[in-house]
Amino acid sequence: MIAQSFNYESPATLAEAIALLNEHGDEAKVLSGGHSLIPMMKLRFATPSYLIDINRIPGLSEIVEDVDGTIHIGALVRESQLEHSELLGRHFPIFKDVTKLIADPQVRNMGTLGGNLAHGDAANDHPAVMIALRASVIITGADGERSVPIDDFFYGFYMTAIQQGEILTEIRLPVPPKGTGNAYHKLERKVGDYATSGVAVQITLDESGVVTAAGIGLTNVNPVPLRAARSEEALIGKPLSDETIELAARFASEDCSPSADLRGSEEYKRHVTGVLVKRMIKKAAERAQS
Ligand SMILES: Cc1cc2nc3c(=O)[nH]c(=O)nc-3n(C[C@H](O)[C@H](O)[C@H](O)COP(=O)(O)OP(=O)(O)OC[C@H]3O[C@@H](n4cnc5c(N)ncnc54)[C@H](O)[C@@H]3O)c2cc1C
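A brief structural summary.

1. Brief notes about unusual backbone geometry
Notably, A103 is not glycine yet its phi reads approximately 50 degrees, a positive angle. By the element assignment, A103 lies in the loop between α5 (94-100) and α6 (105-110). Judged by local crowding, A103 falls into the partly exposed class, with 17 C-beta atoms found within 10 Å.

Here it is, written out as C-alpha cells:
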C-alpha cells in the first residue's frame, strides 16, 4: 500500500522541531530512521499529516563517556554505530550481540536507538537491553529536558513516557563496575525476524564470585518490555550456582505473559524464555570473569 499524503518538515534545530511538534499536535510524528514509522504509514496504521524529520539536527548522533562514568548515546545513533563503537564494546559487548540480531545491514544503517525505544514495541530488542543496563532516557520539550528511568518509560502497548511536543534526545547508561558482564540473545524463526523470546542480562560479580548487581530484561513475551525482577532478586547476594540460575530462569518463565501466535504457544515461549535466561546469565558471568 501507499502511505496517505503528508507534509514534510526538516528542521535544523531541536527548538525548531519542538515548536513544529507543538504547532501540529497529534497530526505530527517525529521521523528518525523511518524503519518502523514508514511501514506503519504504508499499512495506514499511522496516518500523520506532518512528518518532522529530526535527522538534520546536530548533536544527536554521538556516543560519549563523561567524567562521572556515564555513557551518553544520542537518539539518532544508528544500529551500525552501536555495533562498531569501540567505547561501547569496551563496557557493553551486549550491543554487538543485539545489533547483529536486528533485521539486516540496510535496516541497521538507518534504524536508530532513539526510534527503537520511542516506538514502544515490546517486540523490539533494545527495550530489554536498556532494562538490563538500567538506562535513563532523556526527553526534551518546550520546557527543557527531563530524565526518565527506563522502568518508568514503557507503560502500555506502543505507549511510552514521551508526551506530545516532546522528543527523545539521549539515552544514558551508567558505566558498570569491574567484574560486570552483559549478554543478549533471542530465538528467531529466521534471520532478521522479531523474537520468539529474547533475554538481556547484565550481572556484576565480586572477587569471591557473589552476584552484587543483576539486570534482566525480556523481549516479546509480555505486552510491555519486562524486567524479570524476581529473577534478579534470586541472584543478588548469592554465589552463581546451578540452583540460583535455575531459580532465576523459572521465575522469568513464570512472570512473563506471552501470547500464542505464529511464533509459538504461550507454554513454548515461557520455556524458551527460561532456557535463554540460563544461557545469558552464564554468558554474562563468563564475560564478567574474563
Ligand atoms: C525488515 C525490518 C526488520 C526489523 N527487525 C527488527 C528486529 O529484529 N528488532 C528490532 O528491535 N527492530 C527491528 N526492526 C525495527 C527497526 O529496528 C526500526 O528501525 C526501529 O524500531 C525504529 O527506529 P527508527 O529510527 O527507524 O524510528 P522511526 O521509524 O523513524 O520511528 C518509530 C516511532 O518512534 C517515533 N520516534 C522516532 N524517533 C523519535 C524520537 N527521537 N523522539 C520521539 N519519537 C520518536 C516515531 O514518531 C515513530 O512513531 C525492523 C525493521 C524492519 C523494516
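2. Remarks on the site of the ligand
Near the ligand there are 29 residues, and of these G33, H35, G111, G115 and A118 occur at the shortest range. Counting residues per element, the ones that place at least two in the shell around the ligand are β2 (28-31), α2 (37-42), α7 (113-118) and β10 (167-174). No other element matches α7, which puts four residues into the shell around the ligand. A per-class count over the shell around the ligand returns 13 nonpolar, 14 polar and two charged. Shared between two domains, the shell around the ligand takes at least three residues from each, and those domains are domain 1 (7-53) and domain 2 (63-174).

3. Things to note about the pairing of strand β11 (residues 180-187)
β11 sits mainly inside the fold: eight of its eight residues count as buried. The alternating pattern of β11 places T180, N182, Y184 and K186 and G181, A183, H185 and L187 on opposite faces, both of which are buried. Pairing analysis gives eight bridges linking β11 to strand β12 (residues 197-205), with the strands arranged antiparallel. Of the residues in β12, the one forming a bridge with Y184 is A200.

4. Notes on the packing of helix α10 (residues 242-255) against helix α11 (residues 266-289)
Closest axis-to-axis distance for the α10/α11 pair is 8 Å, and the angle between their directions is 145 degrees. When the axes of α10 and α11 are compared, the crossing they make is right-handed. Two secondary-structure elements touch here, α10 through I245, A248, A249, R250, A252 and S253 and α11 through R270, H271, T273, G274, V277, K278, I281 and K282. Residues of the contact of α10 with α11, tallied by class, amount to six nonpolar, four polar and four charged.

What counts, and where the lines are drawn
- Residues numbered from 1 in each chain as written.
- Predicted model: local features only at pLDDT ≥ 70, side-chain atom pairs only at ≥ 80, totals over all residues.
- Helix = DSSP H or I, 4+ residues; strand = E, 2+ residues; numbered from the N terminus.
- Buried ≥ 20, exposed ≤ 12 C-beta atoms within 10 Å, placed from the backbone.
- Near = placed C-beta within 6 Å.
- Nonpolar A, V, L, I, M, F, W, Y, C, P; charged D, E, K, R; others polar.
- Domains from an automatic or database assignment.
- Pairing = 2+ DSSP bridges.
- Axes fitted to C-alpha atoms, helices over the stretch in contact; angles between N-to-C directions.
- Left-handed = near helix turned anticlockwise from the far one by under 90°.
- Contact = placed C-beta atoms within 7 Å.

By themselves, these are just geometric observations and shouldn't be taken as functional.
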